[in-house]
Amino acid sequence: MKIYGYIRVSSQDQNEDRQLNAMREKQVPPDNIYTDKQSGKDFQRSEYAALVKKLKQGDLLYILSIDRLGRNYEEIQNQWRILTKERGIDIAVIDMPLLDTRLNKDLMGAFIADLVLQILSFCAHNERDNIRKRQAEGIAAAKARGVRFGRPVKKPPENFSVIVKQWERGKLMTKEVLELLNLTESTFYRRYREYKGGRGK
């Protein structure tokens, strides 16, 4: 039997230390800890896929909480079934001791574990929906207050028209124009189109 751990954080800038410390407390070998840094909205995760390929019948997988498998009610249950039934491994959810397939292997124990799993995966799914709803409401309220989202609109440099005229007359190369205006090529051409449009041409 081998012991594995799976860690997931939702983005590259989130910290996985809490989950990592929990794995260390369970004495999961460092080489057997797999970490994904991306959303749990689906299961297209490279480290998770590599982990599943490694798992053999009788192995043990630790996760800190049920939503590390994902936040979709049906998908969490599907992955649990694949891991426990098809792969034949044990799963221990660290922050929910009832979800430890090593315990109570009789019919009643399996029933309780399945019931807890259904409740928790539903709660995780519901919380995800609530977060998205709160985000949407927050964005709508901010827009109503006049808050603008996205990159701030960058005004063209004051000498834009002078430099463009020199460029149009062939007195400046494109490279020189980009350096003088401190613009990328794509931004320059977009500004140029706006400039020409504003002049009615």
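Residues numbered from 1 in each chain as written. Predicted model: local features only at pLDDT ≥ 70, side-chain atom pairs only at ≥ 80, totals over all residues. Heavy atoms only, no water.

### Observations concerning the overall build of the protein
Keep this limit in mind: Secondary structure elements are defined from DSSP: runs of H or I of at least 4 residues count as helices, runs of E of at least 2 residues count as strands, and each element is numbered from the N terminus. Each residue is placed in one exposure class: buried if its accessible area under a 1.4 Å probe, protein chains only, is under 20% of its type's maximum, exposed if it is over 50%, and partly exposed if it falls in between. Here a residue-residue contact requires only that any non-hydrogen atoms of the pair lie within 4.5 Å. A 1.4 Å probe and the Shrake-Rupley method give the accessible areas. Residues count as covered only by the protein chains that appear here.
Within the protein, the regular secondary structure consists of seven helices and four strands. Mapped in sequence order, the helices and strands of the protein form the string β-α-β-α-β-α-β-α-α-α-α. Counting all 201 residues of the protein, 35% fall into the buried class. In the protein, the proportion of contacts linking residues at least 24 apart, taken out of those at least 6 apart, comes to 62%. Accessible surface for the protein amounts to roughly 13,200 Å². Of this, 51% is attributable to carbon and sulfur atoms.

### Observations regarding the nonpolar core
Inclusion rule: Throughout, nonpolar core names a set of buried Ala, Val, Leu, Ile, Met, Phe, Trp, Tyr and Cys residues whose side chains join them through atoms within 4.5 Å.
If you look at the biggest cluster of nonpolar residues, it comprises 20 residues, and the most contacted ones within it are Leu61, Ile66, Trp80 and Leu83. Elements supplying a minimum of two residues to this core: β1 (3–9), α2 (46–54), β3 (60–63), α3 (73–86), β4 (90–93) and α4 (107–144). Ranked by size, the runner-up nonpolar core spans 12 residues in total, among them Phe160, Ile163, Leu172 and Leu178.

### Points about the packing of aromatic side chains
Here the distance between the centres and the angle between the planes together describe a pair of aromatic rings. Using the following cut-off: Side-chain rings of Phe, Tyr and Trp (the six-membered ring for Trp) are treated as a pair once their centres are within 6.5 Å; stacked means planes under 30 degrees apart, edge-to-face means over 60, and tilted covers the remaining angles.
Scanning the model with the defined rule gives nine aromatic pairs in all. For the pair tyrosine 6 and tyrosine 48, a centre-to-centre distance of 5.2 Å together with 70° between the ring planes defines the contact as edge-to-face. With tyrosine 6 in strand β1 and tyrosine 48 in helix α2, this residue pair connects regions lying 42 residues apart in the sequence. Residue class for tyrosine 6 comes out buried when judged on its relative accessible area of 0%. For tyrosine 48, a relative accessible area of 3% translates into the label buried. Ring geometry for phenylalanine 160 and phenylalanine 188: centres 6.2 Å apart, planes at 50°, overall tilted. Here the residue phenylalanine 160 occupies a position in helix α5 (residues 160–168), and phenylalanine 188 occupies one in helix α7 (residues 185–198), the gap between them amounting to 28 residues. Both residues of the pair, phenylalanine 160 and phenylalanine 188, count as buried.

### Overview of the environment of lysine 175
On the secondary structure map, lysine 175 appears in helix α6 (residues 174–181). Given the relative accessible area of 61%, lysine 175 is considered exposed. Separated by 10 residues in the primary sequence, lysine 175 and glutamate 185 have C-alpha atoms spaced 8.5 Å apart.

### Digging into helix α1 (residues 17–25)
What counts is decided by this rule: Read the arc as the range of directions from the helix axis to the C-beta atoms.
Burial in α1 covers these residues: Gln19, Leu20, Ala22 and Met23. Along the long axis of α1, the arc covered by the buried residues comes to 160°, so they all point the same way. More than 90 degrees from the buried face of α1, the exposed residues found are Arg18, Arg24 and Glu25. Following α1 by one or two positions, glutamine 27 adopts a phi angle in the positive range, close to 60°.

### Here's the deal with the confidence of the model for the protein
So the rule is basically this: pLDDT is a per-residue confidence score from the predictor, ranging from 0 to 100.
This prediction gives the protein a mean pLDDT of 81; 82% of its residues lie at or above 70. Between the elements of the protein, mean pLDDT differs from a low of 73, seen in α4, to a high of 96, seen in β3.

### Looking at the sheet that holds strand β2 (residues 33–37)
Put simply, the rule reads: Two strands pair if DSSP finds at least two bridges between them. Structural elements are reduced to axes, namely lines fitted to C-alpha atoms, with helices fitted over the stretch in contact, and the angle between N-to-C directions of any two is expressed from 0 to 180 degrees.
In spatial order, the strands read β2-β1-β3-β4; together these four strands make up an open sheet with parallel pairing. This sheet does not close on itself; its edge strands, each paired only once, are β2 and β4. Ignoring strand direction, the axes of neighbouring strands in this sheet form an average angle of 20°. The pairing of β1 with β3 spans four bridges and is classified as parallel.

### Topic: the pattern of salt bridges
Heads up, the condition is: Whenever Lys or Arg places a side-chain nitrogen within 4 Å of a carboxyl oxygen from Asp or Glu, that contact is recorded as a salt bridge.
Enumeration over the complete set of coordinates arrives at six salt bridges. Its salt-bridge partner being arginine 68, residue aspartate 67 comes within 3.1 Å of it at the nearest N-O pair. The partner of arginine 190 in a salt bridge is glutamate 194, with the nearest N and O atoms 3.5 Å apart. Taken as a pair, arginine 190 and glutamate 194 lie in helix α7 at a separation of four residues, close to a single helical turn. A relative accessible area of 42% means that glutamate 194 is categorised as partly exposed. Sharing partners across several salt bridges, the network here consists of Arg190, Arg191 and Glu194.

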